[in-house]
Amino acid sequence: MAIPLYMSKTCLAVLSLLIPLATQAAPAVRTIETPNATLRLDADSGDLVGLGWKKPALRIIDEPRLGENLGLLLPKPGYEAAYFNSRDQKVSRIEESADGVVCHYDSLRREGEELPVKVRYQIRAAGSQIQFSIEVDNPTARPLAEVFYGILGGLKGIQERLETQSLVPSVTGNLAPALFRRFQAGGYGGGNLGIRYDAAGYTYPGAMPMGWMDVYNLKAGLGYYYANQDPETRLTALYFEMRPFTKSAVVRDNWPGTEDVPEGEPIGLTMGWLNMPYLSQGVFRAGPVALQVHEGDWHAASAIYRNWFDRHFPIQRPATWLSQEMAWQSVIISNCEDVIVHRFQNLPRLAAEAKKYGVTTFEILGWDKGGIDRGYPQYRPNPRLGSPEEFRRALVEIRGMGVHPLLFSNVQVADTATPLFKSELSRYAVQGRWAPDWPIFGWGEGTISARMGLARSNMTALSPAHPAFREFLMDQYLQMIRDGADGFQLDKTILIGMLDFNPALPVSPDKSLITGVLDTFKELLEKGRRIRPEFALASEIWIDRTLPYVDVSYLRMGEIDMPSTAMRYTFPEWKATIFGESPGDFNPMNNGMRYGLVWALAPRHYNDSLDEPLQRPLSRYVAELIRIRKQYRDLLFEGRFRDTLGASVTGEADVRYSVFENIGATARACVVVNYGDRPETAEVSLTGAEGREVEISVPFQEDYSAKLPLHLTIAPHRLAVVVSR
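Residues numbered from 1 in each chain as written. Predicted model: local features only at pLDDT ≥ 70, side-chain atom pairs only at ≥ 80, totals over all residues. Heavy atoms only, no water.

### Focus: the sheet that holds strand E33 (residues 647-651)
- Spatially, E33-E36-E39 is the arrangement adopted by the three strands of the open sheet, whose pairing is antiparallel. Because the sheet does not close on itself, it has two edges, and the strands there are E33 and strand E39 (710-714). Shown here is a sheet whose adjacent strand axes are inclined to one another by a mean of 25°, direction ignored.
- Relative to strand E36 (residues 680-686), E33 is paired through five bridges, and the arrangement is antiparallel. Counterpart to Ala647 in the pairing with E36 is Leu686. (Pairing = 2+ DSSP bridges. Helix = DSSP H or I, 4+ residues; strand = E, 2+ residues; numbered from the N terminus. Axes fitted to C-alpha atoms, helices over the stretch in contact; angles between N-to-C directions.)

This is the structure in structure tokens:
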């Protein structure tokens, strides 16, 4: 650099300090072009520091300093948190190809140690996606405890951050609706303790029923889908980090602004998928994690996921009696504090009274030894309620009247107080990382202190991945079918979001519960249908990978609105219950019609008949809902739930609506509900059907016809169904 002779000594001194900074090379970046996106990799670490989508054009990584590839945890004695992060590694080589890149790490280093662990990390274009896959060769005795990969770091939303929305679906909700303006941190166990930034995580399968999320901006008309598309079934987690911090007790935006941090401090969101294989001396493979930009909102992402899912987990269940049933009654006949509510000889009368209102599935709970939620897993008739022959005779009589007996049971739980557990079954218990410490839970019913959880019977989780325990269950299940059960409702099967460190397991800790439950479903259906070909399963689980086996998910929803309908929209054939436990539960029953759910009536908290005087008004109302749904079965029960797409309903504050379409897309139904306490009005239009004549069905009224647009006045806590064919 030439220095002018007329510069002062001060200028020369300042310049002498700046010259070394100017001559320092910026971090070297390699640019890789793929058919779908331009990738920018740090040449030293291999980290993904830039990702720009091509069509439609969208910059996804906005802050390159937060870009990274992966983080691996390999604990060692005396130091559990031994992380090897790609940002701290020297990539051994980067191999480019026409569709992407592979980063090779021949060893891993951290704080004075080096391990001969090899990593192959691939980023490639596949169809319309960018996919991330990883292979870790761990020849050491140290367990590969965590594999955090598919990482996208330095995210700041789509175009305008504050207008960017996010969806991380739960079964009926959105776990993270505002990642880019109201990051919800710390609610996943240890919270934010031990880290300087903020973080959140959600298990799949577990808190998430499906392995995808979406980020979208309605004004921009763009979004991106981000999913675990690994067909291997194991416990994983979607994990987020927000840097450098979030703000508390704020009105709108809890992200820090540039005014809140020192100049140059990077701000942004990091997300990735976490595996927990705990593998020593072996090769672990995971992926792909998929990224895809799309037009529109989360509905478009839903279609992407469903297309992938159907290629790997086709839902080819045969049509069963249970999948056709629109309503159940559920009754607890004895509880865990020894209260006998009904005996076996009373069951046929209760079933007949249910049928009087069009309810032809009869779920029996508390029929087994110990009563409801005690004595598990001893699934034989409780002698305090009658003899085994009386039990069998009751089931035969129920079936003879055209009602299906559905027996309540469980898979992976055991009462810790039984001699059977202490002597035999404890060996199959789910164990913790550091000791055979069991997860404990329970539900009391018959006393105040039991209901408060202070003096309840406790149970723990057992893994059906142990072949001997699954055989113990299967022997009892098959006898229950021989006794006359048309199907089971297997409860608590959603308790799968745990790692199991029982050393006797034949599978890894992340596979114990989910694969054990799935294998139980599969084996039970196969063997049960040899005894009773029409045998069917309901279960308290709503994970997508159970859909090939489970006809109905045992679910409750006490709110007026589903915060997210993503599960229902992605899997229209998925059926779940919605409970009415109180005689005043008219609005939950309306939601059954609105969302296409199975009405599950449990009068007076599972105690009474559908014909009990306080219950009769609700029972009559459900009978009317059944009548209307049967009339439009192809739409309201066997059709596609379309959320609110395809209709426009403007009304007063307490009016809501949904749309259904038949499989041939030749007819639509709009369910309009008034949740309020007074009559309310609504204006109904169906897209593309202006001026067309429609049919209107209202409970306790004659059906009638009218032309669109339609003006409705709906009574409080009532609904109307508008059908266009």
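Still more ground to cover, so stick around.
### Examining the packing of aromatic side chains
- One pass over the structure, following the stated rule, counts 28 aromatic pairs.
- Measuring from centroid to centroid gives 4.9 Å for Tyr278 and Phe501, while their planes differ by 85°, and the two rings are edge-to-face. On the criterion of sequence distance, the pair formed by Tyr278 in the loop between strand E19 (268-275) and strand E20 (282-295) and Phe501 in the loop between strand E27 (487-491) and helix H9 (512-531) is long-range, its members being 223 residues apart. Assigned by exposure class, Tyr278 and Phe501 land together as buried. (Phe/Tyr/Trp six-rings, centres within 6.5 Å; stacked < 30°, edge-to-face > 60°. Buried < 20%, exposed > 50% of the residue type's maximum accessible area, 1.4 Å probe, protein only.)

### Things to note about the side chain of Gln329
- With respect to the helices and strands, Gln329 occurs in strand E21 (residues 327-332).
- Take Gln329: its relative accessible area is 0%, and that puts it in the buried class.
- Not counting residues up to four positions away in its chain, the partners in contact with Gln329 are Leu350, Ala354, Val359, Thr361, Phe362, Glu363, Leu601, Pro603, Asp608, Ser609 and Leu610. (Contact = heavy atoms within 4.5 Å.)

### Some remarks on the pairing of strand E12 (residues 129-138)
- E12 sits mainly inside the fold: seven of its 10 residues count as buried.
- Relative to E12, strand E11 (residues 118-126) is paired through nine bridges, and the arrangement is antiparallel. Bridge pairing in E12 links Lys118 to Asp137.
- Here E11 folds back onto E12 in antiparallel fashion, the turn holding two residues, of which Gly127 has a positive phi close to 60°.
- Strand direction decides the pairing type here: E12 and E20, joined by eight bridges, are antiparallel.

### Thoughts on the nonpolar core
- Among the nonpolar cores identified, the biggest contains 196 residues, and Leu51, Tyr224 and Phe488 are the most heavily contacted of them.
- Ranked by size, the runner-up nonpolar core spans 20 residues in total, among them Val649, Val655, Cys670 and Ile696. (Core = buried A, V, L, I, M, F, W, Y, C linked by side-chain atoms within 4.5 Å.)

### What to know about the side chain of Asn254
- Among the structural elements, Asn254 can be located in the loop between strand E18 (236-243) and E19.
- Look at Asn254 and you get buried, because its relative accessible area is 7%.
- For Asn254, the side chain forms a polar contact with the main-chain oxygen of Phe183, separated by 2.9 Å.
- Leave out the neighbours within four places in its chain, and Asn254 touches Arg181, Arg182, Phe183, Thr246 and Lys247. (Polar contact = N/O pair within 3.5 Å; in protein donor to acceptor, adjacent residues only side chain to side chain.)

### A few points about the packing of helix H11 (residues 586-595) against helix H13 (residues 616-631)
- Here H11 crosses H13 at 10°, and the two axes come no closer than 11 Å. Comparing the axis directions of H11 and H13 gives the class roughly parallel. Residues Phe586, Met589, Asn590, Gly592 and Met593 of H11 form the contact with H13, whose participating residues are Pro617, Leu618, Tyr621, Val622, Leu625, Ile628 and Arg629.
- Taken together, the residues of the contact of H11 with H13 sort by class into nine nonpolar, two polar and one charged. (Parallel < 35°, antiparallel > 145°, perpendicular 65-115°, else oblique. Nonpolar A, V, L, I, M, F, W, Y, C, P; charged D, E, K, R; others polar.)

### Regarding the sheet that holds strand E40 (residues 718-724)
- Across the sheet, which stays open at both edges, the six strands sit in the order E32-E34-E35-E40-E37-E38 with antiparallel pairing between neighbours. The open sheet has two edge strands, strand E32 (640-641) and strand E38 (704-707), and neither has a second partner.
- Where strand E37 (residues 693-697) and E38 come together, four bridges link them in antiparallel fashion. Counted as the bridge partner of Glu695 is Ser705 from E38.
- Against the sheet, H11 engages E32, strand E34 (655-661), strand E35 (668-674) and E40, with an angle of about 35° to E34.

### With respect to the pattern of salt bridges
- The final tally for this structure, using the stated rule, is 50 salt bridges.
- Ionic pairing is found between Arg65 and Glu63, a salt bridge with its closest N-O pair at 2.9 Å.
- Arg65 sits in the exposed class, given a relative accessible area of 51%.
- Residue Glu63 is classed as buried on the basis of its relative accessible area of 8%.
- Of the charged contacts in the structure, one is a salt bridge between Arg656 and Asp561, with a shortest N-O distance of 3.0 Å. In this pair, Arg656 sits in strand E34 while Asp561 sits in the loop between strand E29 (552-553) and helix H10 (566-570), placing the two residues 95 residues apart along the sequence.
- The class for Arg656 is partly exposed, based on a relative accessible area of 24%. (Salt bridge = Lys/Arg side-chain N within 4 Å of Asp/Glu carboxyl O.)

### Quick notes on the environment of Ile541
- Residue position: Ile541 is located in the loop between strand E28 (536-539) and E29.
- Residues Ile541 and Gly206 lie 335 residues apart in sequence; the distance between their C-alpha atoms is 9.2 Å.
- Leaving out residues up to four positions away in the same chain, Ile541 has contacts with Thr493, Ile494, Ile496, Val517, Phe521, Thr546, Val550 and Ser553.

### Regarding helix H2 (residues 298-312)
- Over its 15 residues, H2 runs 22 Å from end to end, which matches the ideal 21 Å to within 8%, given 1.5 Å per residue.
- Among all positions of H2, only Trp298, His299, Ala301, Ser302, Ile304, Tyr305, Arg306, Trp308 and Phe309 are buried. (Expected span 1.5 Å × (residues − 1).)

### A word on the environment of Lys90
- Within the fold, Lys90 resides in the loop between strand E6 (83-85) and strand E7 (93-97).
- Along the backbone, Lys90 and Lys575 are 485 residues apart, and their C-alpha atoms lie at a distance of 50 Å.
- Here Lys90 is in contact with Asp44 and Tyr105, once residues within four sequence places are set aside.
- A distance of 3.4 Å separates polar atoms of two side chains, one belonging to Lys90 and the other to Asp44.

### What to know about a nonpolar patch on the surface
- A cluster of nonpolar residues, Ile448, Met452 and Leu454, forms a patch on the protein surface that exposes about 380 Å² of accessible area.
- Relative accessible area serves as the criterion here: at 64%, Leu454 is assigned to the exposed category. (Patch = residues over 30% accessible without salt bridge, like charges linked within 9 Å, V, L, I, M, F, W, Y side chains within 5 Å. Areas by Shrake-Rupley, 256 points an atom, 1.4 Å probe, with all protein chains shown as cover.)

### Focus: the packing of helix H8 (residues 467-483) against H9
- Following both chains from N to C, one finds H8 and H9 inclined at 35°, their axes separated by 10 Å at the closest point. Relative to H9, the crossing made by H8 is right-handed. For the pair H8 and H9, the contacting residues are Arg470, Met474, Tyr477, Leu478, Ile481 and Arg482 in the first and Gly516, Asp519, Thr520, Glu523, Leu524, Lys527, Gly528 and Ile531 in the second.
- Taken together, the residues of the contact of H8 with H9 sort by class into six nonpolar, three polar and five charged. (Left-handed = near helix turned anticlockwise from the far one by under 90°.)

### Re helix H4 (residues 347-355)
- Inspection of H4 places Leu347, Pro348, Leu350, Ala351, Glu353 and Ala354 among the buried residues, and these make up the whole buried set.
- In the core, the buried residues of H4 are packed alongside E21, strand E22 (361-365) and helix H5 (388-400).

The values reported here are purely geometric and, on their own, carry no functional implication.
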